[in-house]
Amino acid sequence: MEALGSAKPRASPFPAAAARSPLPPQVVVPASSSAPAPSRPLRSGPKGTIQALARNEMLSVVEREDCRSVNDVAASQGIRIRRHCRPTASMEEIEEEMGAPRNVLERIIWDKEIEVAQGLVSNPLREVTECAGKAPPTRDFYGALVAAYMRNGVPALIAEVKKASPSRGVLRENFDAVEIAQAYEKYGAACLSILTDEKYFQGSFENLQKVRKAGVKCPLLCKEFVIDEWQIYYARSVGADAILLIAAVLTDADITYFLRICKELGLTALVEVHDGLEMERVLRIDGVQLIGINNRSLATFIVDTSNTKRLLEKHGDAIREKGILVVGESGLFNPDDVAYVQKAGVSAVLVGESLVKQEDPGRAIAGLFGKELLR
Ligand SMILES: O=P(O)(O)OC[C@@H](O)[C@@H](O)c1c[nH]c2ccccc12
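Reading the values: the criteria
- Residues numbered from 1 in each chain as written.
- Predicted model: local features only at pLDDT ≥ 70, side-chain atom pairs only at ≥ 80, totals over all residues.
- Heavy atoms only, no water.
- 1 Å grid on protein atoms, 1.4 Å probe; cavity = no way out; pocket = protein on both sides within 12 Å on 5 of 7 lines; lining within 4 Å.
- Points joined across faces, edges and corners; volume = space filled by probe spheres on them.
- Helix = DSSP H or I, 4+ residues; strand = E, 2+ residues; numbered from the N terminus.
- Nonpolar A, V, L, I, M, F, W, Y, C, P; charged D, E, K, R; others polar.
- Salt bridge = Lys/Arg side-chain N within 4 Å of Asp/Glu carboxyl O.
- Near = heavy atom within 4 Å.
- Polar contact = N/O pair within 3.5 Å; in protein donor to acceptor, adjacent residues only side chain to side chain.
- Areas by Shrake-Rupley, 256 points an atom, 1.4 Å probe, with all protein chains shown as cover.
- Buried < 20%, exposed > 50% of the residue type's maximum accessible area, 1.4 Å probe, protein only.
- Contact = heavy atoms within 4.5 Å.
- Phe/Tyr/Trp six-rings, centres within 6.5 Å; stacked < 30°, edge-to-face > 60°.
- Domains from an automatic or database assignment.
- Buried area = accessible area lost by both parts, 1.4 Å probe.
- Disulfide = S-S within 2.5 Å.
- Patch = residues over 30% accessible without salt bridge, like charges linked within 9 Å, V, L, I, M, F, W, Y side chains within 5 Å.
- Lys, Arg positive; Asp, Glu negative; His and termini not counted.
- Charge placed at Lys NZ, Arg CZ, Asp CG, Glu CD.

The next point concerns empty space enclosed by the protein. Under the definition given, this model contains four cavities of 30 Å³ or more. Broken down by secondary-structure element, the contributors of at least two residues to the lining of the largest cavity are β6 (242–246), β10 (348–351) and α15 (353–356). Taken together, the residues that form the lining of the largest cavity break down as 13 nonpolar, seven polar and eight charged.

In structure tokens form, the structure reads like this:
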């Protein structure tokens with residue numbers, strides 16, 4: 001399938017959350033609205049002032065009120081990441097209003113809001129959904145993990161194509177996504193994870209598409225910070241078979257809604273949690289098949305593999321009862337690490353750094369597991 005168009009971004013539409021706003025339809029921003037939100041703070045004034053505001057300013061008021069309720073709902077679920085909902089403002093303007101982001105994850109999400117809005121302009125949702133609908137069928141990500149686990153008796157490998165990260169910097173200078181993906185496949189990876197975030201991980205959707213087009217057969221996870229349905233359709237349109245949903249940034253309603261879209265598209269969702277609260281939230285949501293436990297906090301970057309053990313000790317029974325498969329994510333470097341998370345109850349592992357940093361990332365797989373994997 002050909003790449004989607006890449007017209008220069010004009011002004012951005014509002015995020016999908018606003019389109020699903022509970023506000024009455026007459027105040028939802030029409031698609032034709034292209035006026036950027038004003039940078040100064042909200043005006044306060046006598047009753048009726050709002051009627052006197054220019055239309056775009058009024059819409060901006062609506063946008064921010066709506067955003068406040070979005071952030072309130074998130075906070076009530078224990079989510080600490082806020083949205084700015086001002087995709088046309090500059091980061092300085094956003095920080096002037098909201099203060100600096102509280103941590104790296106929040107900064108990534110704030111950038112992502114702007115990026116998604118620009119993506120929606122260059123590749124409108126209708127075109128992207130059409131493209132996603134016409135894409136060749138998905139490969140069975142979940143099934144590939146189960147089969148590999150049975151075949152090898154060690155957790156199935158989701159090998160990550162990862163050039164850099166905010167915590168580790170550039171992991172590999174000479175980076176060829178297709179070459180790495182082919183090497184991973186050759187040496188027994190069950191599935192691949194392709195980082196698509198450009199700004200913080202130096203990844204791209206283009207890498208995902210290139211790997212798919214190069215004939216790699218492993219199912220592909222689009223490793224993205226999903227905050228909007230557009231990203232899911234876009235991922236599918238370039239060949240993704242699975243997508244990451246991060247509980248630390250998504251409300252229960254968002255996860256439920258995105259799972260529905262995934263189901264429609266035949267995509268597997270890997271729902272990522274880092275702590276007990278996120279795990280409890282995710283276990284209450286119907287239709288989750290795959291939970292990833294991230295040993296790295298995306299807020300502080302602290303890596304602790306005992307996180308997987310702790311969460312599975314507490315929630316293992318509920319997880320097994322629901323037939324959910326668990327992926328141990330991040331900070332795994334050697335056979336002891338793999339054995340440790342396997343004993344804790346994971347059926348698959350997601351590994352980037354320890355493979356991608358080695359001269360030959362394919363051969364590094366045998367080093368990680370202490371044996372060669374069967375394909
Ligand atoms: O490179 P590591 O430590 O092996 O980690 C891989 C993967 O788990 C990590 O890249 C990751 C897990 N969840 C994420 C969410 C966004 C970005 C990256 C990630």
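There's more to say after this.
Here we take up the pattern of salt bridges. Scanning all chains against the criterion turns up 19 salt bridges. Between glutamate 313 and lysine 309 there is a salt bridge; the shortest N-O distance is 3.4 Å. Of this pair, glutamate 313 and lysine 309 both sit in helix α13 (residues 306–321), separated by four residues, roughly a single helical turn. Each of Lys112, Glu115, Asp197 and Glu224 takes part in one network of salt bridges that share partners.

Around the ligand sit 16 residues, and of these Glu160, Lys162, Glu272, Ser330 and Gly352 come closest. The side chain of lysine 223 places a nitrogen or oxygen atom 3.4 Å from an oxygen atom of the ligand. Here glutamate 272 contributes a side-chain N or O atom positioned 2.7 Å from a nitrogen atom of the ligand. Calculation on the ligand without its partners gives an accessible area of 450 Å², and the protein chains cover 99% of this total.

Within the secondary structure, tyrosine 149 is located in helix α7 (residues 141–152). Residue classification places tyrosine 149 among the partly exposed positions, given a relative accessible area of 28%. Setting aside residues no more than four positions away along its own chain, tyrosine 149 makes contact with Val154, Pro155, Ala156, Gln342, Val346 and Ser347.

Here we come to the environment of alanine 269. Structurally, alanine 269 can be placed in strand β7 (residues 268–273). For alanine 269, a relative accessible area of 8% puts it in the buried group. The sequence separation of alanine 269 and tyrosine 340 amounts to 71 residues, and the corresponding C-alpha distance is 25 Å. Apart from the residues within four sequence positions on either side, alanine 269 is in contact with Ile243, Leu245, Leu259, Cys262 and Leu290.

Before going further, it helps to examine the packing of aromatic side chains. Applying the stated criterion to the full structure yields four aromatic pairs. With a centroid separation of 4.8 Å and an interplanar angle of 80 degrees, the aromatic rings of phenylalanine 205 and tyrosine 234 are classed as edge-to-face. Here tyrosine 234 lies in helix α10 (residues 229–237) and phenylalanine 205 lies in helix α9 (residues 205–213), a separation of 29 residues in the sequence. The class for phenylalanine 205 is buried, based on a relative accessible area of 12%. What makes tyrosine 234 buried here is its relative accessible area of 13%. Between tyrosine 257 and phenylalanine 258, the ring centres sit 5.9 Å apart and the planes meet at 40 degrees, which makes this aromatic pair tilted. Exposure class is identical for tyrosine 257 and phenylalanine 258. Each is buried.

Further remarks concern the domain arrangement of the protein chain. In terms of domain boundaries, the protein chain breaks down into domain 1 (41–122) and domain 2 (136–369). One C-alpha centre belongs to domain 1, the other to domain 2, and the line joining them spans 30 Å. Carbon and sulfur atoms make up 67% of the area that domain 1 and domain 2 hide from each other, which totals about 1900 Å². At the boundary of domain 1 and domain 2, one finds three salt bridges. Across the salt bridge formed by glutamate 224 and lysine 112, the nearest N and O atoms sit 2.5 Å from each other. If you look at where domain 1 meets domain 2, you find six residue pairs in polar contact (both at pLDDT 80 or more). Among the secondary structure elements, those contributing two or more residues to the side of domain 1 that touches domain 2 are α3 (55–76) and α5 (104–122). Classifying every residue of the side of domain 1 that touches domain 2 by side-chain character gives ten nonpolar, four polar and seven charged.

Our next topic: the state of the cysteines. As enumerated under the stated definition, the model contains one disulfide in all. Residue pairing for cysteine 67: its cysteine sulfur links by disulfide to cysteine 85, the two sulfurs lying 2.3 Å apart. Here cysteine 67 and cysteine 85 share a disulfide; its torsion about the S-S bond, 70 degrees, makes the bridge right-handed. On the criterion of sequence distance, the pair formed by cysteine 67 in helix α3 and cysteine 85 in the loop between α3 and α4 (91–98) is long-range, its members being 18 residues apart. The two residues cysteine 67 and cysteine 85 agree in class, both being buried. Distance from the sulfur of cysteine 191, which forms no disulfide, to the nearest cysteine sulfur (cysteine 218) is 6.5 Å. Looking at the unpaired cysteine 262, the closest cysteine sulfur is the one in cysteine 222, lying at 10 Å. For cysteine 262, a relative accessible area of 1% corresponds to the buried category.

On to a positive patch on the surface. Taken together, the side chains of Arg139, Lys186, Lys217 and Arg375 present a region of like positive charge at the surface. With respect to the helices and strands, the residue lysine 186 is situated in helix α8 (residues 177–186). Its relative accessible area of 53% is what places lysine 186 among the exposed residues.

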